[in-house]
Amino acid sequence: MAFRGAVITFPGSNCDRDMAVALEKVSGVPALRVWHGDAELPDAVDFVAVPGGFSYGDYLRCGAIASRSPIMRAVIAAAERGVPVLGVCNGFQVLTESGLLPGALMRNAQLNFICRTAPLRVENNRSLFTAGYDQGQEIALPVAHHDGNYFADEDTLDRLEGEGRVAFRYLDTCNGSRRDIAGILNARGNVLGLMPHPERAIEVDHGGTDGRVLFESAVKGLVAA
Amino acid sequence: MKVRIHVSLKPGVLDPQGRAVHHALEGLGFSGVEDVRVGRLIELEVADDTTDGQLEDMCRKLLANTVIENFRIETMETA
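None of these values were measured; they are calculated from a predicted model.

**Student:** Any chance you could explain the environment of L41(B) here in plain terms?
**Tutor:** Residues and elements named next belong to chain B. Considering the arrangement of structural elements, one finds L41 in strand β2 (residues 40-45). Sequence-wise, L41 and L9 are 32 residues apart; in three dimensions their C-alpha atoms are separated by 12 Å. Here L41 is in contact with R4, I5 and H6, once residues within four sequence places are set aside.

**Student:** Looking at this structure, how should I read the interface of chain B and chain A?
**Tutor:** The extent of an interface is frequently quoted as the accessible surface area lost upon association of the parts. The partner chain A presents 15 residues to the 18 residues of chain B that form the contact. Here chain B packs against chain A, burying approximately 1,300 Å² in sum over the two surfaces, 65% of which is carbon and sulfur. At the junction of chain B with chain A, the criterion picks out six residue pairs in polar contact (both at pLDDT 80 or more). Where the side of chain B that touches chain A is concerned, the elements lending two or more residues are α1 (16-27), β2 and α2 (52-63) of chain B. At four residues, α1(B) tops the list of elements feeding residues into the side of chain B that touches chain A. Of the residues assigned to the side of chain B that touches chain A, the class counts are 11 nonpolar, three polar and four charged.

**Student:** I'm lost on the sheet that holds strand β3 (residues 69-76) of chain B in this one. Help?
**Tutor:** Picture the strands of a sheet paired through backbone hydrogen bonds; they go either parallel or antiparallel. Residues and elements named next belong to chain B. Read from one edge to the other, the open sheet built from three strands follows the order β2-β1-β3, with strand pairing classed as antiparallel. Two strands bound the open sheet, and with one partner strand each, they are β2 and β3. The mean angle between the axes of side-by-side strands here comes to 20 degrees, regardless of whether they run parallel or antiparallel. As paired strands, strand β1 (residues 2-9) and β2 are joined by six bridges and run antiparallel to one another. Residue I5 lies in a different strand from β2, and its bridge partner there is I42. Relative to the sheet, α2 contacts β1, β2 and β3, its axis offset from that of β3 by approximately 145 degrees.

**Student:** Can you help me understand the UniProt feature "active site" (unreviewed entry) in chain A in this one?
**Tutor:** All names here are of chain A. When the UniProt feature table is mapped onto this chain numbering, "active site" (unreviewed entry) sits at C89, H197 and E199. Spanning 111 residues, the named residues form one tight spatial group whose C-alpha atoms are at most 10.9 Å apart. Tracing the backbone shows C89 in the loop between β4 (85-88) and α3 (90-98). C89 sits in the buried class, given a relative accessible area of 6%. Setting aside residues up to four positions removed in sequence, C89 forms contacts with G52, A144, H145, L194, M195 and H197.

Cut-offs applied
- Residues numbered from 1 in each chain as written.
- Chains lettered and ligands numbered in written order.
- Predicted model: local features only at pLDDT ≥ 70, side-chain atom pairs only at ≥ 80, totals over all residues.
- Heavy atoms only, no water.
- Helix = DSSP H or I, 4+ residues; strand = E, 2+ residues; numbered from the N terminus.
- Contact = heavy atoms within 4.5 Å.
- Buried area = accessible area lost by both parts, 1.4 Å probe.
- Polar contact = N/O pair within 3.5 Å; in protein donor to acceptor, adjacent residues only side chain to side chain.
- Nonpolar A, V, L, I, M, F, W, Y, C, P; charged D, E, K, R; others polar.
- Pairing = 2+ DSSP bridges.
- Axes fitted to C-alpha atoms, helices over the stretch in contact; angles between N-to-C directions.
- UniProt positions renumbered as here; feature names shortened; annotations may be inferred.
- Buried < 20%, exposed > 50% of the residue type's maximum accessible area, 1.4 Å probe, protein only.

Structural data, given as structure tokens:
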């Protein structure tokens, strides 16, 4: 089965091309490009990526307007059918705003835009997206965000931890995130949101290839399915 | 009809911006400021027959993120 991955572009997305390149390099198949105003995803898409950037200029709240755009209704419906959805950085914000993932991403605790390589731990290697990592593996991925401070109430945090839905955790204090959470899964495990950028770490020239494993895991899992 | 939507962070949600403003006020020599919370004011001009229910719906679906924010709807009498 050929891999069919789609990348959504909103006005203000700026990591959509990097995401499409990452999907193509890993799967060998060009990614389908989908505009925010489209009402439908391409037929038989088996992977949807919501990329980073500053959709709608971060107006109102990061990801708030994008999460109400026509294509997101189709993405939410696809996620509910079990189609894997990956949200990176602004894409993670869009997924929390859309209700596909719990919690919210607030202004970084130190108020600074953080742009550096962040050490992370893989907390759950049993998901489609993380199966290629070792459980507890320490990796490094670039982060570049102003609003990555993950917030959820204590009950939600306990539930996420208890259900193994914390996928990645910062090894240092990055942005004030509750329990140093960098990425989370939905209950079904087919939606992953994370602030770090795996698509910026897929080639040696990027300074690291720890992000490539995420795409390889997903492609392998889907093509084998 | 003019409507004001006051959006504020829920109690217990840390407000880094409020803390920074607090520090800045202290830096300017204003003492006795106990706490600062930064919120958002959204002014709407809506049809006169807009119901409270519709306004609440707007707040829940878009204007506020109820995971972290509370909202208060203030309807202004049109002169």
